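Residue-level structural notes
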Amino acid sequence: MTGERWRDVAHIGHAELLTQVPEDSLRYFTSLLGLSVVAEEPGSWYLRGYGDYEPYCLKLTAAARPGLGYMALRAWSPEALARRVAWLESAGVPGAWVEPEAGKGPFFAFEDPDGHPVRLYYETTKYVSPADSRPAMKSNHQRYTGTGANVRRLEHVNLMAADVRACRVFWENGFGLRTFEIIRDADGWEDGAWLSSTVQGHEIIYVRDYLGGRGRLHHLAFWVDSREDVLRAADLMNDAGVPIEAGPSRHIPIQGFYLYTREPGGNRIEICSGGYLGFDPDDNPVIWTPPEYAAKPGWGARLPSTFRTYGTPPLGDPSETDTSGWPAP
Ligand SMILES: [Fe+2]
């Protein structure tokens, strides 16, 4: 990327997650993750983490298949939103305005180069907690609930893509997102890219869909305040009989501390903390070659093979259900 970086995207706002077992999924997100329901409509619930300044960070929707409904990003201003919509139109990316939902929007809806639905918005509602959950500190948005893993907010969205590089360039050139790390082979083909609109090392991640799917979700990640909270979440999941796919351990990219489970609908969900912040405004992403990455320079467990193959919706490939590399129950 050359020239002045666009500063029009403020942060990731929320994601819509699809599930064919909505009641079970709702229980996972409320009882185990600690999100609370702020609104509902036929077939959907809107849920928030206790740290959200907006009303919600997750829309959970009943559907025939699991996966991503859409990912929403908030623009810095109405003008910023208009500039990005104009860019999408000039780039020939089809899109349309969508009505507001539960206090956010209107949205401009479009798709990334791999077909993941994305929405961009500016208008929102600042959350005001009811009297019985008002915090002591006016700088907090609601009382500290301490429910389940007690996640604070949606941290990042990880998407599978046939062409990671095309998706990365789309966000860099069109929206000014910064790339922090890339896994790139000698031919220029990319296996992963970690992008963000903030100093947080990742907000939007693309990893290669080795099974050739399109528009699949790898995982949604929710933030807790400490590594110890991630370990506590592992205890909670274990006691609740929720299989742990990976972790607790530390990633190579961004160095986040992670725990991966699947919610009842089959979508992979991460509870995360830690990781570095990036303050350097220059474009100098860390580039890993596949052998460097495979050598695993950091400590911690290796990821199971399902991490490369399983996404939602699943494709039915036998490699997606090979749990032989999972932690022992
Ligand atoms: Fe992640």
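Located above this text is the structure these notes cover.
1. Observations regarding the overall build of the protein
- Secondary structure assignment for the protein yields 6 helices and 17 strands.
- What you see for the protein is a C-alpha radius of gyration of 19 Å, in line with the 20 Å of a compact globule of 329 residues.
- By the burial criterion, 53% of the 329 residues in the protein qualify as buried.
- For the protein, contacts bridging at least 24 residues in sequence account for 66% of all contacts bridging at least 6.
- Accessible surface, the protein: about 14100 Å² in total, of which carbon and sulfur atoms supply 54%.
- Charged side chains in the protein number 32 positive and 43 negative. The centres of these two groups are separated by 4 Å.

2. Some thoughts on the pairing of strand β7 (residues 107-111)
- Two elements, strand β6 (residues 95-98) and β7, share 4 bridges in a ladder whose sense is antiparallel. Each residue of the ladder has a partner; that of G95, found in β7, is F110.
- Both β7 and strand β8 (residues 117-121) contribute to a ladder of 5 bridges, which runs antiparallel. Of the residues in β8, the one forming a bridge with A109 is R119.
- What sits between the antiparallel neighbours β7 and β8 is a turn of 5 residues, in which G115 has the positive phi angle 90°.

3. Some details on the layout of surface pockets
- By volume, the largest pocket amounts to about 660 Å³.
- Looking at the lining of the largest pocket, the elements that each hand over two or more residues are β9 (153-161), β11 (190-196), β12 (204-208), β13 (217-223), β15 (256-262), α5 (290-294) and α6 (306-309).
- Here the lining of the largest pocket is composed, by residue class, of 17 nonpolar, 6 polar and 7 charged.
- One number sums up the size of the second largest pocket: a volume of about 310 Å³.
- Taken together, 17 residues form the lining of the second largest pocket, with H11, I12, Y53, R153 and L154 sitting closest to its centre.
- Where the lining of the second largest pocket is concerned, the elements lending two or more residues are β1 (9-19) and β9.
- Considered class by class, the residues forming the lining of the second largest pocket number 5 nonpolar, 6 polar and 6 charged.

4. Re the sheet that holds strand β5 (residues 67-75)
- If you trace the 8 strands from one edge of the open sheet to the other, you get β2-β3-β4-β1-β5-β8-β7-β6, paired in mixed fashion. Where the open sheet ends on each side, the last strands, each with one partner, are β2 (36-41) and β6. The sheet shows a mean angle of 25° between the axes of neighbouring strands, direction not considered.
- Where helix α2 (residues 78-90) meets the sheet, it contacts β5, β6, β7 and β8, and its direction lies at approximately 30° from that of β7.
- The strands touched by helix α3 (residues 164-175) within the sheet are β1, β5, β7 and β8, with β7 carrying the most contacts at an inclination of about 145°.

5. Some remarks on empty space enclosed by the protein
- Considering all chains together, one arrives at 1 cavity of 30 Å³ or more under this definition.
- Quantified by volume, the largest cavity comes out at close to 50 Å³.
- Secondary structure elements with two or more residues in the lining of the largest cavity: β9 and β16 (268-274).
- Residue composition of the lining of the largest cavity, grouped by class: 3 nonpolar, 6 polar and 2 charged.

Here is what the cut-offs are and how they apply
- Residues numbered from 1 in each chain as written.
- Predicted model: local features only at pLDDT ≥ 70, side-chain atom pairs only at ≥ 80, totals over all residues.
- Heavy atoms only, no water.
- Helix = DSSP H or I, 4+ residues; strand = E, 2+ residues; numbered from the N terminus.
- Rg over C-alpha atoms; globule rule 2.2 N^0.38 Å.
- Buried < 20%, exposed > 50% of the residue type's maximum accessible area, 1.4 Å probe, protein only.
- Contact = heavy atoms within 4.5 Å.
- Areas by Shrake-Rupley, 256 points an atom, 1.4 Å probe, with all protein chains shown as cover.
- Lys, Arg positive; Asp, Glu negative; His and termini not counted.
- Charge placed at Lys NZ, Arg CZ, Asp CG, Glu CD.
- Pairing = 2+ DSSP bridges.
- 1 Å grid on protein atoms, 1.4 Å probe; cavity = no way out; pocket = protein on both sides within 12 Å on 5 of 7 lines; lining within 4 Å.
- Points joined across faces, edges and corners; volume = space filled by probe spheres on them.
- Nonpolar A, V, L, I, M, F, W, Y, C, P; charged D, E, K, R; others polar.
- Axes fitted to C-alpha atoms, helices over the stretch in contact; angles between N-to-C directions.

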